[in-house]
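# Tertiary structure, described
One-letter residues, chain by chain:
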Amino acid sequence: MKTPPGHSSPAKPLLEEHAASVFPAAGARGPGPVPGPEAPRRAGHRAVMISFDGVSGTRLTRLLSEPGKLAAGGYARLAERGLLAERMQPPTPSLTAVSHVTLATGALPWQTGIVSNTILDREKPFPATISGFDAPIRAETLWEAARRQGKRVGSVLFPGADGKTPARSADWGMVYVNDPIVAAKLQTPDAAAWNAADSPERGSFSPGRRLTVAFGKTAHSVTFAALDSTDDGRVNYDRLRVEPEAGTPSEVAPGNWFPVEVRGEEGRTGAWCKLLSLAPDLSKAEIYIGGLYRNAAYPEDLRRSLDDRIGFWPGPPNDRVFGAGSAHPEVFLEQAERFSDFLTAADLFAVARSDWDLLVLYQPEVDSVEHEFLLSDPRQEGFSPERSARFQGFIDRIYATADRELDAIERALTPEDSLFVVSDHGMTPVWTDIAFNEVLRQGGFVRRNAEGRVDASSSAMATISGGIAHIYVNASAPAGTLEGIEKLLSGFRVDGESPWDRIVRRADARSLGLDAPESGDLIVLTKPGIVLSARTRAELVGRPQELGAHGYRNAYADIAASLVCAGPGIPHERIGDVRSWDIAARVARALGIAPPKNAATTASR
Ligand SMILES: [Zn+2]
């Protein structure tokens, strides 16, 4: 990082802890919907809200001031026309599911019920959990409010608008695909793996050799023919012909990416693959076979249109094969850029449709690159100035990618459209990991079953994400369990210091916006730099699996999200701070509708 560590220290609170007194509609128990002074004002205009996950307002502002860093000019052009906030305060915890639901509803976790990325599922026996991306949203969303008021809404991947229930549905939407049909694998065939071909390969000056790779346990496969393109009397293969089940064969050299599509699935289905290396005698090869995926969308004919127009779902970057500790971390970035380009094609396809008044769009790749490569503090494992500079360059590049995607989307809109470019949180470097349920286990509050999971007989369990844990006490736990856990944690030290930022009982969590029935009986937030994990190792304190994290209290500069917006009625100005729970009302205003029922409304802007 260019700024000295002391300057960007994440331990320095920047923002007030939650704004209950300033924004009563969001922070206090108000009398329900707040119409506010900016109720319907204009009609007939369109609005787009796009979230680039993990774009830090602090970093974005710095990159905007450095010539050439955001070369496409998407962010800069929008800021010139409209409003740039240097920081946007996320809710606490600053997590993806929590923050997107706050953006969509204008409400805080105590109103939305989305209090973390993983929550205890009270519909099921203890200690079952539910994802914060799947859990019911208690507050009205922008897409519900817009549709209730006669507007049409489209969604591309926006968290919460996944089409699973009527409340979670836009009029149409593309949905994030988490699980591949077959997981990605790095294939490393040796010479014996290649079969002699029946006949010489066309265009090859060495004997034919072929290799077929199956996609997991499916009937699908892809065949490679080794080619020698040099007529030099030597057996030195230098490329492969790829023969997929569907589509035309192609020739690839080491370093090339190639798509492989399979036949007979419902919808276009394929994998993005890369030839990493190929020994001339085939004694060694590295062929990355990407995860096998297809698109998900509602209604069904939208999926078919996406298949035709933009192809199969490429999937996110692979941190297992191409992570920061791998031999090819730059490939992670190539995957992130491909995924971003694919999603931009989906976004542009959505923009080009005529059947929407509100579009909610989501792109995750800045977040994934920061998690993997945010190496900026000498306390982090593997830190060196050179490695840090290289990895920070990766992060700058993915911000530049987001800027390029934004540029394309902005150009596809008209000046009469309002465009809100938001994010859900920033990111801080992390160097310490605490195996949190193991802390509870060694303290006698958690029991593990044969699979290593928290057993139903446990007195308590914790759901963990980034820097927050919700601790739920089992109804059958003995009296004094909560007090015992508080005592255990208050005495816990890492290198002689308490790692905790806050330890708060649910009833006392109002100032955090977390006094929700969905919250744990006890809420624990770590200091930035420290993450919690569900690891089951005996050592309680270790190194994190990633370099960047979030999920802390919303008071730190590095954790702040970002906002740039422009459109009719949005004045040109640059401001310091805005709050993410004010955005839904602004979007509603641009659309000419009343805000979602629980949305915070402010008297100005
Ligand atoms: Zn996020």
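This one's a predicted model, so the numbers in the text were calculated from it and none came from an experiment.

## Considerations on the nonpolar core
If you look at the biggest cluster of nonpolar residues, it comprises 170 residues, and the most contacted ones within it are Leu142, Val421 and Val587. When residues of this core are assigned to their parent elements, the largest contribution, nine residues, is made by helix 9 (residues 329-352). Contact partners of leucine 142, with chain neighbours within four places excluded, come to Ala104, Leu358, Val360, Ala584, Val587, Ala588 and Pro596.

## Notes on the confidence of the model for the protein chain
Averaged over every residue, the pLDDT of the protein chain is 92; the share at 70 or more is 92%. In this model residues 1-43 is a low-confidence stretch, pLDDT under 50, and it forms 68 contacts with partners more than four residues away in sequence or in other chains.

## Some points on the packing of helix 9 against helix 10 (residues 365-373)
At a closest axis distance of 9 Å, the pairing of helix 9 and helix 10 adopts a crossing angle of 170°. As judged from the angle between their axes, helix 9 and helix 10 are roughly antiparallel. Pair helix 9 / helix 10 crosses with right-handed handedness. Contacts between helix 9 and helix 10 involve Phe332, Leu333, Ala336, Phe339 and Ser340 from the former and Glu365, Ser368, Val369 and Glu372 from the latter. When grouped by side-chain class, the residues that make up the contact of helix 9 with helix 10 number five nonpolar, two polar and two charged.

## A short note on the sheet that holds strand 22 (residues 460-465)
The four strands lie next to each other as 22-23-25-24, forming an open sheet whose pairing is antiparallel. The sheet terminates laterally at strand 22 and strand 24 (500-505), the two strands that pair on one side only. Adjacent strand axes in the sheet meet at a mean angle of 15°, parallel and antiparallel pairs treated alike. Where strand 22 and strand 23 (residues 468-473) come together, six bridges link them in antiparallel fashion. Bridging from a neighbouring strand, isoleucine 464 pairs with alanine 469 of strand 23.

## Quick notes on the environment of aspartate 319
Locating aspartate 319 in the fold gives a position in helix 8 (residues 319-322). Residue classification places aspartate 319 among the partly exposed positions, given that 18 C-beta atoms sit within 10 Å. Measuring from C-alpha to C-alpha, the distance between aspartate 319 and serine 368 comes to 8.9 Å, with 49 residues separating the pair along the chain. The residues contacting aspartate 319, other than those within four sequence positions of it, are Phe332 and Glu372.

What counts as what
Residues numbered from 1 in each chain as written. Predicted model: local features only at pLDDT ≥ 70, side-chain atom pairs only at ≥ 80, totals over all residues. Core = buried A, V, L, I, M, F, W, Y, C linked by C-beta atoms within 7 Å. Buried ≥ 20, exposed ≤ 12 C-beta atoms within 10 Å, placed from the backbone. Helix = DSSP H or I, 4+ residues; strand = E, 2+ residues; numbered from the N terminus. Contact = placed C-beta atoms within 7 Å. pLDDT = per-residue confidence, 0-100. Axes fitted to C-alpha atoms, helices over the stretch in contact; angles between N-to-C directions. Parallel < 35°, antiparallel > 145°, perpendicular 65-115°, else oblique. Left-handed = near helix turned anticlockwise from the far one by under 90°. Nonpolar A, V, L, I, M, F, W, Y, C, P; charged D, E, K, R; others polar. Pairing = 2+ DSSP bridges.

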